[in-house]
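# Geometric and topological summary
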Amino acid sequence: MENTTGTETSHPLFLQIYEFIRNRMERGEWKAHDKLPSIRGLAEELKVHRLTVFKAYRQLAEAGKVYVKDKSGYYVSQGGSLPLVAADRGKLAVAGALNSNRLSDIQRLPAQYQFSQALIDPGLLPNLFLSEYVKKVFDLYPKVMGTYSSVQGDEELRETLSLHFREHHRLQLSREELLITSGAQQAINLVADILLGPMDSVLVERPTYSVAMDIFRRQGARLVPVTITPEGYDLAEVEDLMARHKPRLFYMNPTHHNPTGYTVPAWQRKLLVELAERYHCLLVEDDPFRDIYFAEPPPLPFFAYDTEGWVIYISSFSKYVAPGLRICAVACRYPLMERLITAKALADNGTSLLNQKIFLHYYTSPRLQQHLGKLRIALQVHKEIMEEELAGTGWEWTAPQGGLNLWVKLPEQLKVDALFRASLRESIVFVPGEICDPLGEMKSRVRLSYSFVNEITLREGMRRLTALAKQIE
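### Here we look at the overall build of the chain
Helices and strands together make up the secondary structure of the chain, namely 16 helices and 14 strands. Taken along its principal axes, the extent of the C-alpha atoms in the chain is 75 × 60 × 40 Å. Sequence-distant contacts, at least 24 apart, represent 74% of the contacts inside the chain between residues at least 6 apart. Carbon and sulfur atoms make up 51% of the accessible area of the chain, which totals about 20,300 Å². On the chain, the mean spot of the 56 positive side-chain charges and the mean spot of the 56 negative ones are 4 Å from each other.

This is the structure we're talking about:
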């Protein structure tokens, strides 16, 4: 049985397959007079009944997008790859697609011991310093409140970030190859919006960031899991999945991975970029934890190895500079950047200029580096406190070298759902591992974030959690 997860939608399945085929024709993957896959072959690929594929092909034929040759099969009509008119597109949109965000639902639960938030304790952020930069921005740009940013982002900020990426991460890019978004989640949304349609395949790590999966499912995409381990990926598995599923993209968080904390080694990064180019699969590299390391800096981003435009690099600064500013930089090549800018214009017409200017002047200051050095030490202390309190419980984890989370395996006799319900009554909240799993099967795992509460609350909360676990085993 294939390790894929189906789309979740109230829209008829044959119309999703109709849209999947039409999208591939629009992209030029199937051109005029190309033969389409057989009904049996496509049914096996999509894991659906042959009658469902037959109905989709018949609908395409009625719309004049394909034609039939006796005893030969279905072929793309001349002009069949032209975009649908607005009425057709509205009829076939996945309007009933799943709209859920289980992580957000959990994080909104009121709790004194908050272990579900992969955010920094506000007490560790440079709040006083930031207030000084707010005043500085108003002095330098007195009309900033009455001015929109450009859709692509403040030119001064993009120039500064392009220089930073070249100097520190060896990313060869210009300011025109950067887009400023309102956080990484918006960037993922924009990428999904321009690249994905119903039934498209998306490679995702197993486990992975649950919100990204929710976004891809909302587009009607099929999720294809790729196992991530402390050693990285099995490249033979990745190549096999790319060859068989022809995914539109591979969404990855390869540096201090969320939720596991693993980091993919440098040698795999170069080879994965080569695989992406060979199989025409975009790598979407989500990199919010790069600067939160405890020993050696992590390997270079995938984007550093990309020469042909097969990597989209998402670099968010919300975790450790100022979450309230919601500043994220997306790097990619043209013409893909042009499509992202158009999607950004439709989303919000540009990220707040005030936020960008505040971030710019703080980001370029010596105080940021001082802040980062202290923050790494503080977060390592938080991690070690959590590990100390878990020692002797029989719970298992791989100590991360950076990031904000422990990915913990509980003993078999301890049920996560029972622990979660009991914890809520004690004002403790964490993330059940199954929501990070594209197959929804990691029921013995939990994600515990050590970054959001202060040291005293962290230690007390972990003692309460482990004591509670003993009671319900």
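From this point, things continue past the structure.
### Considerations on the nonpolar core
One finds Phe216, Phe250 and Leu448 to be the most contacted residues of the largest nonpolar core, which totals 128 residues. Take this core: its biggest share by element is eight residues, from helix H8 (residues 184-195). Setting aside its immediate chain neighbours within four residues, Phe216 contacts Ile188, Ala192, Leu196, Val202, Val204, Ala221, Leu223, Leu249 and Tyr251. The next biggest cluster of nonpolar side chains, apart from the first, holds 19 residues, and it includes Leu42, Leu46, Leu60 and Met199.

### Focus on the sheet that holds strand S6 (residues 222-227)
Sheet strands pair by backbone hydrogen bonding; their relative direction is either parallel or antiparallel. Spatially, seven strands are ordered S4-S10-S9-S8-S7-S5-S6 in an open sheet, and the strand pairing comes out mixed. Each edge of the open sheet carries a strand with a single partner, namely strand S4 (178-182) and S6. Across the sheet, the axes of successive neighbouring strands diverge by a mean angle of 20 degrees, strand direction being ignored. Where strand S9 (residues 311-316) meets strand S10 (residues 327-331), four bridges bridge the pair, whose relative direction is antiparallel. Looking at S10, one finds that Ile314 is bridged to Val330. Across the sheet, helix H12 (residues 336-347) touches S4, strand S8 (282-286), S9 and S10, and the angle it forms with S4 is around 30 degrees.

### A look at helix H9 (residues 210-218)
H9 sits mainly inside the fold: eight of its nine residues count as buried. Those residues of H9 not exposed but buried are Ser210, Val211, Ala212, Met213, Asp214, Ile215, Phe216 and Arg217. Following H9 by one or two positions, Gly220 has its phi on the positive side, about 90 degrees.

### Observations regarding the pairing of S8
Of all five residues that make up S8, five are buried, and the element is covered over most of its length. Bridge count between strand S7 (residues 249-252) and S8: four bridges; the pairing is parallel. Looking at the pairing, Tyr251 lines up with Val284 of S8. Crossover S7 to S8 through helix H11 (residues 266-279) is right-handed. Pairing of S8 with S9 involves four bridges; the strand directions are parallel. When the sheet's bridge partners are listed, Glu285 is paired in S9 with Tyr313.

Definitions and limits used
Residues numbered from 1 in each chain as written. Predicted model: local features only at pLDDT ≥ 70, side-chain atom pairs only at ≥ 80, totals over all residues. Heavy atoms only, no water. Helix = DSSP H or I, 4+ residues; strand = E, 2+ residues; numbered from the N terminus. Contact = heavy atoms within 4.5 Å. Areas by Shrake-Rupley, 256 points an atom, 1.4 Å probe, with all protein chains shown as cover. Lys, Arg positive; Asp, Glu negative; His and termini not counted. Charge placed at Lys NZ, Arg CZ, Asp CG, Glu CD. Core = buried A, V, L, I, M, F, W, Y, C linked by side-chain atoms within 4.5 Å. Buried < 20%, exposed > 50% of the residue type's maximum accessible area, 1.4 Å probe, protein only. Pairing = 2+ DSSP bridges. Axes fitted to C-alpha atoms, helices over the stretch in contact; angles between N-to-C directions. Right-handed = clockwise from strand over helix to strand, strands pointing away.

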